[in-house]
Amino acid sequence: MNNIIKMLSTNKDFRMVIADTYQIAEKELRNFTGRDCIRMFLEQIITNCTLLSAMNDFSQKISFMLRLSKDISVFCMITNSKFSIEYTGKLNEFDGSVTHLFDDKSVLSITTGDWETGLHTGTVEAHIDNVDMLFAHFTIQSEQLPSHFIMAGDNTARGLLMQPLPFADEKIMAKNDAELVYLSKKLEQANWQEVISIYSHLASVISGNKIE
């Protein structure tokens with residue numbers, strides 16, 4: 001079953017991706033034994049990486065490197081719709097909060113492309129301990145289309161990426177953005193088969209895909 005839904009707004013002024021990464025997280029974090037708050041942090045990283053990858057070309061390789069304090073790092077890669085994550089073993093014993101993972105040297109780097117088509121890497125300072133805001137900050141600082149990453153309430157395995165197109169009206173986008181945040185509570189609890197109906201008054205489905 002697909003776990004990625006790509007949609008285009010009725011007025012064709014923004015596009016969005018919805019992802020469910022529960023099965024990815026279950027597979028990739030099966031050996032994680034650390035604190036619940038750190039596991040949730042890793043789950044949020046998985047969801048946001050998946051969203052940004054899905055907004056781009058599915059055939060394009062993309063990798064994410066988050067360098068944190070105490071020589072801790074998290075590396076994710078998506079190639080041919082296959083997700084993998086590696087993280088420093090210290091995270092299994094880390095007894096602090098997510099905030100304590102960040103310092104003034106923390107950075108987020110995202111690389112797209114391959115050796116044949118060419119590699120492009122963007123890097124930003126990572127002084128924000130909120131994963132959604134950190135990824136949104138990256139899209140602004142790396143001269144991509146500014147994007148809003150929205151988690152589905154407390155469900156760290158679900159999220160939505162909303163990307164206004166260049167000609168979009170800012171006031172209309174602000175209104176749509178607020179509605180998407182409101183609808184995220186429905187996304188938190190809904191059966192996956194019902195997700196499209198939550199947003200059908202705002203956008204139409206372009207495609208469905210699977211990242212595993």
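Just so it is clear, the structure is predicted and the values come from calculations on it, not from any experiment.

(A) Quick peek at the packing of helix α2 (residues 36–55) against helix α3 (residues 131–141). Running from N to C, α2 and α3 cross one another at 35 degrees; their axes reach a closest spacing of 9 Å. For the pair α2 and α3, the sense of crossing is right-handed. On α3, the residues that touch F41, Q44, I45, N48, C49 and L52 of α2 are V131, D132, F135 and T139. Tallied by class, the residues present in the contact of α2 with α3 amount to 6 nonpolar, 3 polar and 1 charged.

(B) Here's a closer look at the sheet that holds strand β1 (residues 4–9). Within the open sheet, the 5 strands sit side by side as β8-β9-β2-β1-β10. Their pairing is antiparallel. A single partner strand is all that each edge strand has here, and the edge strands are β8 (148–152) and β10 (203–209). The sheet shows a mean angle of 20 degrees between the axes of neighbouring strands, direction not considered. In terms of strand pairing, β1 meets β10 through 6 bridges, oriented antiparallel. Note on β10: the bridge partner recorded for M7 is V205. Along the sheet, helix α4 (residues 170–189) makes contact with β2 (14–20), β8 and β9 (155–164), crossing β9 at roughly 160 degrees.

(C) Fine view of the pairing of strand β4 (residues 73–79). Residues V74, C76 and I78 point to one face of β4 and are all buried, whereas S73, F75, M77 and T79, pointing to the other face, are not buried. Where strand β3 (residues 62–67) meets β4, 6 bridges bridge the pair, whose relative direction is antiparallel. Bridge pairing links L66 to V74 in β4. The turn linking β3 back onto β4 is made up of 5 residues, and K70 within it adopts a positive phi angle of 60 degrees. Where β4 and strand β5 (residues 82–87) come together, 6 bridges link them in antiparallel fashion. If you follow M77 over to β5, its bridge partner there is S84. Where β4 folds back on β5, the antiparallel hairpin that results is connected by 2 residues, among which N80 adopts a positive phi of roughly 50 degrees.

(D) Broad picture of the pattern of salt bridges. Across all of its chains, the model carries 7 salt bridges by this definition. The partner of E26 in a salt bridge is R39, with the nearest N and O atoms 3.4 Å apart. Here R39 lies in helix α2 and E26 lies in helix α1 (residues 22–28), a separation of 13 residues in the sequence. Two residues, K82 and E212, come together in a salt bridge whose shortest N-O distance is 2.5 Å. Of this pair, K82 sits in strand β5 while E212 sits in the segment after β10, and the two are 130 residues apart along the sequence. Taking the relative accessible area as the measure of exposure, E212 reaches 34% and is therefore partly exposed. Within the structure, one salt-bridge network assembled from shared partners comprises E26, R39 and E43.

Thresholds, definitions, all that
- Residues numbered from 1 in each chain as written.
- Predicted model: local features only at pLDDT ≥ 70, side-chain atom pairs only at ≥ 80, totals over all residues.
- Heavy atoms only, no water.
- Axes fitted to C-alpha atoms, helices over the stretch in contact; angles between N-to-C directions.
- Helix = DSSP H or I, 4+ residues; strand = E, 2+ residues; numbered from the N terminus.
- Left-handed = near helix turned anticlockwise from the far one by under 90°.
- Contact = heavy atoms within 4.5 Å.
- Nonpolar A, V, L, I, M, F, W, Y, C, P; charged D, E, K, R; others polar.
- Pairing = 2+ DSSP bridges.
- Buried < 20%, exposed > 50% of the residue type's maximum accessible area, 1.4 Å probe, protein only.
- Salt bridge = Lys/Arg side-chain N within 4 Å of Asp/Glu carboxyl O.

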